[in-house]
Amino acid sequence: MPDTDREGIEEVFVIKTEEIDFFGALVREKGGKSAVSGRVWFRGGTRWYFASRGGERGDLRERLAGLSENVASLYGTHVFCLKFSRTMDYRGFIRRLREAKQAMARA
């Protein structure tokens, strides 16, 4: 299957401080459309989730990047952005995240 047809995560945007834990992902859906999915957890326990309908990748990426930059600026920090060279399935992404967290705990 050509990579342009693969479903999965293409790019992630992360902001983490003592006050906020923000995660947004640009994902490729069936049919080649892109979408955004994410969540925000606040220190007080409030959790917000957000998502977009399928649309054009460039527009959605620009909107997610702008949102991320504004949130980071509000909390006086920076955005960590990671763009994958290939789409990554959700389970594979979570597995790699857990492995990295375990490796950091051992270090």
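Relevant structure appears above.
Okay, so let's go over this structure. All of these numbers come straight from a predicted model, not from anything done at the bench. (Residues numbered from 1 in each chain as written. Predicted model: local features only at pLDDT ≥ 70, side-chain atom pairs only at ≥ 80, totals over all residues. Heavy atoms only, no water.)

What follows covers the nonpolar core. Grouped together as the largest cluster of nonpolar side chains are 13 residues, with contacts concentrated most on Phe13, Ile15 and Phe22. Only strand S1 (8-16), strand S2 (20-28), strand S3 (34-42) and helix H1 (57-74) provide two or more residues apiece to this core. In terms of residue count, H1 provides more of this core than any other element does, five residues in total. In contact with Phe13, other than residues within four places in its own chain, are Phe22, Phe23, Gly24, Arg61, Leu64, Ala65, Ser68, Val79, Phe80 and Cys81. Core analysis: the next-biggest nonpolar cluster, separate from the first, contains 10 residues, Val12, Phe23, Ala25 and Phe84 among them. (Core = buried A, V, L, I, M, F, W, Y, C linked by side-chain atoms within 4.5 Å. Buried < 20%, exposed > 50% of the residue type's maximum accessible area, 1.4 Å probe, protein only. Helix = DSSP H or I, 4+ residues; strand = E, 2+ residues; numbered from the N terminus. Contact = heavy atoms within 4.5 Å.)

Counting through the fold element by element, Gly55 comes out in the loop between strand S4 (47-51) and H1. Since its relative accessible area comes to 18%, Gly55 is described here as buried. Contact partners of Gly55, with chain neighbours within four places excluded, come to Lys33, Ser34 and Leu60.

Inspection of every chain in the model, using the stated rule, returns eight salt bridges. Glu10 serves as the salt-bridge partner of Arg28, at 3.0 Å between the closest nitrogen and oxygen. Placement of Arg28 in strand S2 and of Glu10 in strand S1 is noted, with a sequence separation of 18 residues between them. By the burial criterion, Arg28 is buried, and Glu10 matches it. (Salt bridge = Lys/Arg side-chain N within 4 Å of Asp/Glu carboxyl O.)

Looking now at H1. Two residues of an α-helix separated by three or four positions point the same way, owing to the 3.6 residues in each turn. Spanning 18 residues, H1 covers 26 Å between terminal C-alpha atoms, matching the ideal 26 Å at 1.5 Å per step. Every buried residue belonging to H1 is among Leu60, Leu64, Ala65, Ser68, Val71 and Ala72, and all of these are buried. The arc that holds every buried residue of H1, seen down its axis, measures 130°, which confines them to one face. Exposed residues lying more than 90 degrees from the buried face of H1 are Asp59, Glu62, Arg63, Asn70, Ser73 and Leu74. Buried residues along H1 sit against S1, S2, S3 and S4. (Expected span 1.5 Å × (residues − 1). Arc of directions from axis to C-beta.)

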